[in-house]
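Below, each chain spelled out in residue letters.
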Amino acid sequence: MDSIEKRALTDIGKEPRFSEILKKLTLGEEIDNEDKTYILGAAMILIRRYQVDQRHKSYADLAYYIILKYSLQYKDYAPLYDFSVNFGFYPIAKDLLQNDLYKGNPIIDCLGDIKLDNYRGADNTTLTLEQYIESSKLLNESTRETCYLAPTSFGKSSIIVDHIKQLDDQPSKIAIIVPTKSLLIQTLQMIRESDLRRKLIVHDEMYNGEASFIAVLTQERALRLLSKNNIFFDLIFIDEAHNLLKADSRSILLSRVIGKNRALNPSHRVLYLSPLIQDAANLRLSSDQNISSHSIKFNVKEPEIFELRLNNETYQYNRFLNVFYKLKDDIKKSNYLISASGNKNFIYNYRPIKVEQLARELCTIIPKIEKTEDINQISRILASEVHPDFFAIDHLKHGVVYLHGKLPDLIKEYLEFKYKNLTELKYIVANSVILEGMNLPIDTLFIFNVRSLKGKELMNLIGRVNRLNTIFGHGENRLSRLLPKVHFINNEEHYRIGSKMENKITLLRSRVFDDQVHNPTLAAFNIESIKKPSSSKEKYIEKIESIQKNEKFLISEKITKDDKVREYFIQSGIIEFYADLEEVIDRFIEASSISSSAHQEPWRSTSMMDKIEYVFLRDITNISDYEIKRLLSKEARNYYENHILITQKKALRENINAQVKYFNERAQSDDRKMYFGRSYGEEPRETGAYPNNSENTYVDLSKKSEKELVNLAVVKLKMEDDFVGFKLGKFILMLFDHDLISVNEYNTYIYGTTDERKIKLTKYGLSVSMIARLEADNQLGNLQFDDFNNLKASPEFESYLMTVNDFYKFEIRRYLG
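Residues numbered from 1 in each chain as written. Predicted model: local features only at pLDDT ≥ 70, side-chain atom pairs only at ≥ 80, totals over all residues. Heavy atoms only, no water.

Draft legend 1. Layout of the overall build of the protein chain. From N to C terminus, the protein chain includes 33 helices and 19 strands. In terms of overall size, the protein chain behaves like a compact globule, its C-alpha atoms giving a radius of gyration of 28 Å where 817 residues would be expected to give roughly 28 Å. Its C-alpha atoms give the protein chain principal-axis dimensions of roughly 95 × 65 × 60 Å. Buried positions account for 56% of the 817 residues belonging to the protein chain. (Helix = DSSP H or I, 4+ residues; strand = E, 2+ residues; numbered from the N terminus. Rg over C-alpha atoms; globule rule 2.2 N^0.38 Å. Buried < 20%, exposed > 50% of the residue type's maximum accessible area, 1.4 Å probe, protein only.)

Here it is as structure tokens:
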């Protein structure tokens, strides 16, 4: 909504009769026949205004809102049908006809129904006219780089599949780049189900010289695949492409993947997919790129926005007139939550520790549900596979689950799966982990914290409510879901003192937000447009200049050994661990001189963590990463040596018990504070390395109950797995790539085994502990890869699955094709 539209709609809102009738319609109050005629007439005028100048989309949006509210409130669907047919909102028109909600001329209706079948997608869903036109244009696009911009749930998966099918049997190296492991698994399942008959790769080390494949990879693995092999991609899909605009290291890695592949294959095709990009030109790495754009501008959903304020007053917001309508006085938060709840409720919070706290609070408000065998089964499984004191077990009694990025992936995905499929589970408390790769049947959203939620982030969050596949094609009238309910809950416990969310809410007046380009490797980046406090501006500029200098270095000719080592540090991301590279490069070159005797004593028998300390940390004064710096301690190195070689092979329950035992020992020692980082830390700790540390990154274990220690152990294991995977693994890989460790050492520390068959399963995604259990149960021989790298199970394995519990069955089935 531009400034002209805002002024025009504000002026319209000053017309007393229009304003009053729209208020009644918004609030669901009764209006008489004369007012019905008036407000529908106003909608027609708005439509005509839009048709005169189609840049002013908000006029059509308001007309649609009026017609939708009227039709749903009075069950008079003729205006909605007419609008849907004329504006191409065909899924609505199709549902109205199929559910006998609109009855016009029978012959015309029948012909109209047949005509609507021409607008079906590959998955047999009815598309909007705009969706049909743009997706068809996209398939026939001649531009090498294209961006598909569409609201959440507008057919991203079918776009990927249709493009690959269009290639027929043409040999092509295809990459789908995804930002998270959860999205990787989800995308892999989608590709398998589409039966595209191409070899699947989900790990850079799975590549074996194939001329044609589909690789589903994170940007880290995609970059390694390009860097270590004589290979390039012919077609790249960048999922969640708005991540390219961010300033973090993973966004820079993503732009590096695109840039490197473009240098290797200038004729490559790239398809960017996002619900949040405003201008595709902002994705360019250089000004000579041409990225065409196909946008879905109209959204068939129009959220209804409510606010509970600190004074216990409730309001409903009308974004078109930018007004808050007062609803009620003196309603307590607990009563509001219960009365406003739908069948599937998403309660959003920010920090993981606050997500858990809010889930516990919710359980004091929500009465216990009637226990079913499904709920009893989940409770038993979590008690046996995780721990009887796991918080989630108590929450299930109230129909509540919680999710955040510090839960082990398997637990998180299992709880998500159960929430998705069990009607008894009505509430999910989560943070931004839900924004990428989780398609849940949410019908109501409660927002408890708006920190870091700007206009685009709010729209993305709200887009998760009532996905289109939960509205259309179910053989019943679900059109009320086109008005998803969103509740902003002002509170001081989870947001801030004097919580006031009105300013965030009014951002929703518009659905158009300028792109904020923070990635310094993009052509549109402008350092002057970035707002930073003057106290940190100079340091920020130094960082940006350093990043840009490094990117230029990567495309320059590398002559000296120093250059090649520097390139590796930058390319791998190890550079992020140091304030300056000079010292550690010199150290690495000095240490790598032992490579000729790397497989002899005493180096051969030196532990991996001690090798990392010797090569990358010893006598280095500018280590900037605190987690890495901990490895200067022998105790920390022994801990991670044990974690990699022993802990990862054990079942989750065993590891939690061992972690709790360790916590209790620490709690009774003089060293009671343990590092948990910003997401869980409660107090600071001054150390020799950080004498003036004031950040709350530690937890005093002596202050925690046994149950609290158990749940801290759950998240600590996830933190350690992430640390090993995202940080320590980079050091181990560099040692291997420079012949400082053997193949067997590398495989042992990265894959937990030297057995090639087990390594292949690990690369596919199976955990070390799962493989250990399958081996103990004599089942590894019942799993085979087909010609396309789909993991297949024998009939004997299917029989075996009938004997294991639901949690273990879920873990395995994610990977079976």
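Next, the rest of the story.
Draft legend 2. A look at the packing of helix α31 (residues 768-776) against helix α33 (residues 806-813). Where α31 meets α33, the axes come as close as 12 Å, and the angle between the chain directions of the two elements is 110 degrees. With respect to α33, the element α31 is oriented roughly perpendicular. Contacts between α31 and α33 involve Met770, Arg773 and Leu774 from the former and Tyr808, Glu811 and Ile812 from the latter. When grouped by side-chain class, the residues that make up the contact of α31 with α33 number four nonpolar, no polar and two charged. (Axes fitted to C-alpha atoms, helices over the stretch in contact; angles between N-to-C directions. Parallel < 35°, antiparallel > 145°, perpendicular 65-115°, else oblique. Contact = heavy atoms within 4.5 Å. Nonpolar A, V, L, I, M, F, W, Y, C, P; charged D, E, K, R; others polar.)

Draft legend 3. Examining the packing of aromatic side chains more closely. One pass over the full model with this rule turns up 42 aromatic pairs. With centroids separated by 5.6 Å and ring planes inclined at 65 degrees, the aromatic side chains of Tyr414 and Phe810 adopt a geometry described as edge-to-face. In this pair, Tyr414 sits in helix α17 (residues 409-421) while Phe810 sits in helix α33, placing the two residues 396 residues apart along the sequence. Pair check on accessibility: Tyr414 and Phe810 agree, each one buried. Measuring from ring centre to ring centre gives 5.9 Å for Trp603 and Tyr614, while their planes differ by 65 degrees; the resulting arrangement is edge-to-face. Here Trp603 is found in the loop between α22 (582-592) and α23 (608-617), whereas its partner Tyr614 is found in helix α23, with 11 residues between them in sequence. Tyr614 sits in the partly exposed class, given a relative accessible area of 26%. Ring-pair connections join several aromatic residues into one group, and the members of that group are Tyr50, Tyr64, Phe83, Phe87, Phe89 and Phe298. Looking at Lys173, its charged tip hangs above the ring of Phe232, at a distance of 5.0 Å from the centre. (Phe/Tyr/Trp six-rings, centres within 6.5 Å; stacked < 30°, edge-to-face > 60°. Lys NZ or Arg CZ within 6 Å of the ring centre and 35° of its normal.)

Draft legend 4. Structural context of the nonpolar core. Within the largest apolar cluster, 135 residues are counted, with the highest numbers of intra-cluster contacts made by Ile92, Tyr272 and Leu774. At 12 residues, the largest contribution of residues to this core is made by helix α4 (residues 57-74). Not counting residues up to four positions away in its chain, the partners in contact with Tyr272 are Glu145, Thr146, Cys147, Tyr148, Ile238, Ala241, Leu244, Ile258, Leu283, Gln289 and Ile291. Judged by nonpolar contacts, the second largest core, of 85 residues, contains Leu358, Val400, Tyr419 and Val710. (Core = buried A, V, L, I, M, F, W, Y, C linked by side-chain atoms within 4.5 Å.)

Draft legend 5. Focus on the side chain of Ser292. Tracing the backbone through its elements, the reader meets Ser292 in strand β7 (residues 291-295). Among the residues examined, Ser292 registers a relative accessible area of 13% and is labelled buried. Engagement of the side chain of Ser292 in a polar contact is seen with the side chain of Thr146, the distance being 3.3 Å. When neighbours within four sequence positions are excluded, Ser292 is seen to be in contact with Glu141, Thr143, Glu145, Thr146, Cys147 and Ala280. (Polar contact = N/O pair within 3.5 Å; in protein donor to acceptor, adjacent residues only side chain to side chain.)

Draft legend 6. Examining α31 more closely. Of all the residues in α31, the buried ones are Val768, Met770, Ile771 and Leu774. The arc enclosing the buried residues of α31, seen along the axis, measures out at 160 degrees, which places them on a common side. Phi for Asn778, located one or two positions after α31, is positive at around 55 degrees. (Arc of directions from axis to C-beta.)

Draft legend 7. Just the sheet that holds strand β2 (residues 173-177), in detail. Judged by pairing direction, the sheet is parallel, and its seven strands sit side by side in the order β3-β4-β2-β5-β6-β1-β7 without closing on themselves. Strand pairing shows two members of the sheet lacking a second neighbour, β3 (200-201) and β7, which therefore form its edges. Bridge analysis of β3 against strand β4 (residues 213-217) gives two bridges, and the strand direction is parallel. Across the sheet, the residue bridging to Ile201 is Ala215, located in β4. (Pairing = 2+ DSSP bridges.)

Draft legend 8. How the structure looks around the sheet that holds strand β14 (residues 444-447). Read across the sheet, eight strands follow the order β10-β9-β8-β15-β14-β11-β13-β12 without closing on themselves; strand pairing throughout is mixed. The open sheet is flanked by β10 (323-328) and β12 (400-403), the only strands paired with a single partner. The sheet shows a mean angle of 25 degrees between the axes of neighbouring strands, taken without regard to direction. When strand β9 (residues 314-318) meets β10, the two strands line up antiparallel, connected through five bridges. Residue pairing for β10: Tyr317 is matched across the bridge by Phe324. Most of the contacts of helix α14 (residues 352-365) go to β12, to which it runs at about 175 degrees, and overall it touches β11 (345-348), β12 and β13 (427-430).

Draft legend 9. A look at the pattern of salt bridges. For the structure shown, the criterion picks out 57 salt bridges. The residue Arg511 makes a salt bridge to Glu302 at a minimum N-O spacing of 3.1 Å. Of this pair, Arg511 sits in the loop between α19 (502-506) and α20 (534-554) while Glu302 is found in the loop between β7 and β8 (304-308), placing the two residues 209 residues apart along the sequence. The class of Arg511 is buried, set by a relative accessible area of 19%. Connected through shared salt-bridge partners, Lys57, Asp61, Glu302, Arg319 and Arg511 make up one network. (Salt bridge = Lys/Arg side-chain N within 4 Å of Asp/Glu carboxyl O.)

Draft legend 10. The arrangement of the pairing of strand β6 (residues 269-274) in detail. Of all six residues in β6, six are buried, a share of seventy percent or more. Of the two faces of β6, both are covered, the one formed by Arg269, Leu271 and Leu273 as well as the one formed by Val270, Tyr272 and Ser274. With five bridges connecting them, strand β1 (residues 145-149) and β6 associate as parallel partners. Bridged to Glu145 within β6 is Val270. With four bridges connecting them, strand β5 (residues 235-238) and β6 associate as parallel partners. The partner of Ile236 across the bridge, within β6, is Val270. The β-α-β motif built from β5, the intervening helix α12 (residues 249-264) and the parallel element β6 has right-handed crossover chirality. (Right-handed = clockwise from strand over helix to strand, strands pointing away.)

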